[in-house]
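Below, each chain spelled out in residue letters.
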Amino acid sequence: MRTARRPAPPLDPRLPRPEPVLEVVVPVHNEEHDLEPCVRRLHAHLAETFPYPFRITVADNASTDRTPWIAARLAGELPGTQWVRLEEKGRGRALHTAWSRSPAAVLAYLDVDLSTDLAALLPLVAPLISGHSDLAIGTRLARGSRVVRGPKREIISRCYNGLLRGTLSVGFTDAQCGFKAVRAEVAERLLPLVQDREWFFDTELLVIAERAGLRIHEVPVDWVDDPDSRVDLLPTALADLRGMARLGRALARGRLPLAVPGSAGAAPVPPPGRLAQLLRFAAVGAAGTLLHLALYVLLRPAAGAQTGNALALLLCTVLNTAANRRFTFGVRGRAGLPAHHLGGLLALPAGLALTGAALAVLHRTVPGAGPGAELPVLVAANLAAALLRFHLLRAWVLPGSRRTTGTSAS
């Protein structure tokens, strides 16, 4: 009969420790309330369940509260715990610095709120220790995951990952889950190629890795949303969209490294067919709708419902045309750019008429209706306008896209 493995006895902090097999980085900025319970819980979990030497690194990036003092105290109390201090903010910057300095064979990180159940940590890193995979990510969007979070974050997460799949043709399911790991020799090759030092760091790392043919292992996780999350959704979403546009331009111009030394390389991505166009248009439209709603909420208090809607829709139309031009229809370069944007703006009156009329009907039917009632109405109106926009862009604004993609499989 097999007996349960006994936890290893505590290490004497005065004795030298062996080189860690796993290093878990906890990036933090002003986390004086969550830091200590997170690190103590993580340390206890690893000491009880992880069969190899480990190290925990608190990567403090420019905290101005008691976070550095707490991190230093924990490093002095808990064997195998250290902290590093960075004078600039940025989760990607913290991870890049800590991972670059680590002697461990496998490098991981998790968010300080411990939204992800730690029971998934060993399944996350085991394929990397064995050499089966090159990177591993926790996913909240795969079968077997159990997620507790509000509808707003659920919609934003699914739209973001859908947009990634539709525009950059990625195969992984969840780019944003703060629960990832990478083999050290793979990180050594990938980190110099990643430009972003903030929230888009994870996505860029994964896109480059997948394009290079590296093996990405996904682990369904149990995940509970932190109601006290410090992530500012609108600036983060805009930064992510800019990062996606940058990667898209790099791919189009052949500047994104597609062959990382030691990787198998990736097959070229075929041009989008009609079905792919529709799926990519839907992903761009979903992201555009989220941006429209966010801008509307910001502009409405000062400009009013109709003016706020018009301004938000104008900005989103310009961005929507640019995104569909590049990602949905595969149009490269500046040829025809002014005409395409002018044509896209011609679709604006239809969208403005539909959303404006929907708001007018709502306010006539329910006087005093606020954003809680207005946002679902705008989503429905945007959906109707999107159908017209797709046919207009495909048939008239960007007619060349049909000729360039009509022979591909749909």
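Residues numbered from 1 in each chain as written. Predicted model: local features only at pLDDT ≥ 70, side-chain atom pairs only at ≥ 80, totals over all residues. Heavy atoms only, no water.

Caption draft 1: Looking closely at the overall build of the protein chain. On a plain count of helices and strands, the protein chain comes out with 14 helices and nine strands. Looking at the protein chain as a whole, 47% of its 410 residues qualify as buried. Contacts spanning at least 24 positions in sequence make up 79% of the contacts within the protein chain whose residues lie at least 6 apart. (Helix = DSSP H or I, 4+ residues; strand = E, 2+ residues; numbered from the N terminus. Buried < 20%, exposed > 50% of the residue type's maximum accessible area, 1.4 Å probe, protein only. Contact = heavy atoms within 4.5 Å.)

Caption draft 2: The environment of Gly 370, seen in detail. Looking at where Gly 370 falls in the secondary structure, it is placed in the loop between helix H12 (348-365) and helix H13 (371-397). For the pair Gly 370 and Ala 305, spaced 65 residues apart in the sequence, the C-alpha separation amounts to 9.3 Å.

Caption draft 3: Inspection of the sheet that holds strand S3 (residues 81-86) at higher detail. Across the sheet, seven strands lie side by side as S3-S2-S1-S4-S7-S5-S8; this open sheet has mixed pairing. Both edges of this open sheet fall to S3 and strand S8 (216-220), since each of them pairs with a single strand only. In this sheet, neighbouring strand axes are inclined to one another by 20 degrees on average, regardless of whether the strands run parallel or antiparallel. Where strand S1 (residues 22-28) and strand S4 (residues 106-110) come together, four bridges link them in parallel fashion. Pairing of Val 25 across the sheet is with Tyr 109, part of S4. (Pairing = 2+ DSSP bridges. Axes fitted to C-alpha atoms, helices over the stretch in contact; angles between N-to-C directions.)

Caption draft 4: Summary view of the confidence of the model for the protein chain. Mean pLDDT for the protein chain: 80, with 77% of residues reaching 70 or above. Low pLDDT, under 50, characterises residues 1-15; the predicted model gives this stretch six contacts beyond four residues in sequence or across chains. Counting contacts from residues 264-271, a segment whose pLDDT is below 50, to residues more than four positions away or on other chains yields 14 contacts. (pLDDT = per-residue confidence, 0-100.)

Caption draft 5: Geometry of helix H4 (residues 121-130). Along H4, the residues classified as buried are Leu 121, Leu 124, Val 125, Pro 127 and Leu 128. The arc that holds the buried residues of H4, viewed along the axis, is 160 degrees, so those residues lie on one side. In this structure, the buried side of H4 is in contact with S1, helix H1 (35-49), S4, strand S5 (135-139), strand S7 (179-183) and S8. Remark: Gly 131 follows H4 within two positions and exhibits a positive phi of approximately 90 degrees. (Arc of directions from axis to C-beta.)

Caption draft 6: Representation of the environment of Thr 173. Within the secondary structure, Thr 173 sits in the loop between helix H5 (151-168) and S7. Only 2.7 Å separates the side chain of Thr 173 from the side chain of Thr 139, close enough to count as a polar contact. (Polar contact = N/O pair within 3.5 Å; in protein donor to acceptor, adjacent residues only side chain to side chain.)

Caption draft 7: View of unusual backbone geometry. Located in the positive-phi region is Asn 30, a residue other than glycine, with phi close to 55 degrees. Despite not being glycine, Ala 62 shows a phi value in the positive range, around 65 degrees. Mapped onto the elements of the fold, Ala 62 is located in the loop between strand S2 (54-61) and helix H2 (67-77). Owing to a relative accessible area of 15%, Ala 62 belongs among the buried residues under this scheme.

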